[in-house]
Amino acid sequence: MIKHIILWQLKEEYNVQEKEEIKAGIKAGLESLQGKIPGLIDIHVQISGLASSNADVMLDSTFADEESLKNYAVHPAHVEVADNKVRPYTAVRSCMDYEFEERLYVK
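None of the values given here were measured: they were computed from a predicted structure.

As for the overall build of the protein
At step 1: Summing up its helical and strand segments, the protein has 3 helices and 4 strands in all.
At step 2: Helices (α) and strands (β) of the protein occur, in sequence order from the N terminus, as β-α-β-β-α-α-β.
At step 3: Compactness check: the protein gives a C-alpha radius of gyration of 14 Å against a globular reference of 13 Å for 107 residues, within 12% of the reference.
At step 4: Overall size of the protein, expressed as C-alpha extent along the three principal axes, is 40 × 35 × 20 Å.

Here's the deal with helix H2 (residues 66-74)
At step 1: Residues Ser 68, Leu 69 and Tyr 72 constitute the buried set of H2. Along H2, the residues classed as buried sweep out an arc of 100° about the axis, all on the same side.
At step 2: Elements that come into contact with the buried residues of H2 comprise strand S1 (2-10), helix H1 (16-31), strand S2 (40-46), strand S3 (57-63), helix H3 (76-86) and strand S4 (90-99).

Looking at the nonpolar core
At step 1: Core analysis: the biggest nonpolar cluster contains 21 residues, and Trp 8, Ile 26, Leu 30, Leu 33, Val 45, Leu 59 and Tyr 72 have the highest contact counts within it.
At step 2: Only S1, H1, S2, S3, H2 and H3 provide two or more residues apiece to this core.
At step 3: Looking at which element gives the most residues to this core, the answer is S1, with 4 residues.
At step 4: Among all residues touching Leu 30, those that are not within four sequence positions of it are Trp 8, Ile 43, Val 45, Leu 59, Tyr 72, His 78, Val 81 and Val 86.

Some remarks on the packing of aromatic side chains
At step 1: Inspection of every chain in the model, using the stated rule, returns 3 aromatic pairs.
At step 2: Residues Tyr 14 and Tyr 89 carry aromatic rings whose centres are separated by 5.9 Å and whose planes lie at 55° to one another, so their mutual orientation is tilted. Residue Tyr 14 is located in the loop between S1 and H1, and its partner Tyr 89 is located in the loop between H3 and S4; the two are separated by 75 residues in the primary sequence.
At step 3: Overall, Tyr 14 belongs to the buried group, its relative accessible area being 17%.
At step 4: With relative accessibility at 27%, the residue Tyr 89 sits in the partly exposed group.
At step 5: For the pair Tyr 98 and Phe 100, a centre-to-centre distance of 6.3 Å together with 55° between the ring planes defines the contact as tilted.
At step 6: Taking relative accessible area as the criterion, Phe 100 reaches 23% and is therefore assigned partly exposed.

Some words on a negative patch on the surface
At step 1: A grouping of Asp 65, Glu 66, Glu 67, Asp 97, Glu 99 and Glu 101 is seen on the molecular surface, where their side chains present a negatively charged patch.
At step 2: Considering the arrangement of structural elements, one finds Glu 67 in helix H2.

Thresholds applied
- Sequence order sets the numbering: in each chain, residues are counted from 1 along the sequence as written.
- Local features in this predicted model are restricted to residues of pLDDT 70 or higher, and side-chain atom pairs are both shown and tallied only at a pLDDT of 80 or more, whereas totals for entire chains, interfaces and linings draw on every residue.
- Side-chain numbers come from the whole structure's heavy atoms, not from hydrogens or water.
- Numbering of helices and strands runs from the N terminus; a helix is a DSSP stretch of H or I covering at least four residues, while a strand is a stretch of E covering at least two.
- Note on method: radius of gyration uses C-alpha positions; expected globular size equals 2.2 Å times residues raised to 0.38.
- Throughout, exposure labels follow a simple rule: accessible area from a 1.4 Å probe, protein chains only, divided by the maximum for the residue type, with under 20% read as buried, over 50% as exposed, and the rest as partly exposed.
- The arc refers to the directions leading from the helix axis to the C-beta atoms.
- Contact criterion: two residues are considered in contact whenever any of their non-hydrogen atoms come within 4.5 Å of each other.
- Within this scheme, the nonpolar core is defined by two criteria: the residues are buried Ala, Val, Leu, Ile, Met, Phe, Trp, Tyr or Cys, and they are joined through side-chain atoms within 4.5 Å.
- Between rings of Phe, Tyr and Trp, where Trp is taken as its six-membered ring, a pair exists when centres lie within 6.5 Å; planes separated by under 30 degrees are stacked, by over 60 edge-to-face, and by other angles tilted.
- To count toward a patch, a residue needs a relative accessible area above 30% and no salt bridge. Like charges then connect within 9 Å, nonpolar side chains (Val, Leu, Ile, Met, Phe, Trp, Tyr) within 5 Å.
- Working definition of accessibility: Shrake-Rupley area with a 1.4 Å probe, residue cover restricted to the visible protein chains.
- We define a salt bridge as a side-chain nitrogen of Lys or Arg found within 4 Å of a carboxyl oxygen belonging to Asp or Glu.
- Counted charges follow a simple rule, with Lys and Arg positive, Asp and Glu negative, and His plus the chain ends left uncounted.
- Taken as the charge centre is NZ of Lys, CZ of Arg, CG of Asp or CD of Glu, depending on the residue.

These values are about where atoms sit, not about what they do.
Here's what the structure looks like:
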């Protein structure tokens, strides 16, 4: 499986309330992709970082394989969210994609 992690910093031009609204829109838009894109297993967006964070938004998504991640990048539903909810408001994007084996944890 593939993990696709992205961290974004919002543009500085927004005030605190605007940033909260933008972050909520990013979260709603990206998480709405669950079940719409083949190979997308899981998607979560974190918008409530601690004060020690230097990112405003984190995307944590899981894909069946690398091909699924590539298809996600160009899927019309993803492109629409990225073009309307993410890219216009973000200044910095950091990404890490990696392969991992699923493990079952016993508590």
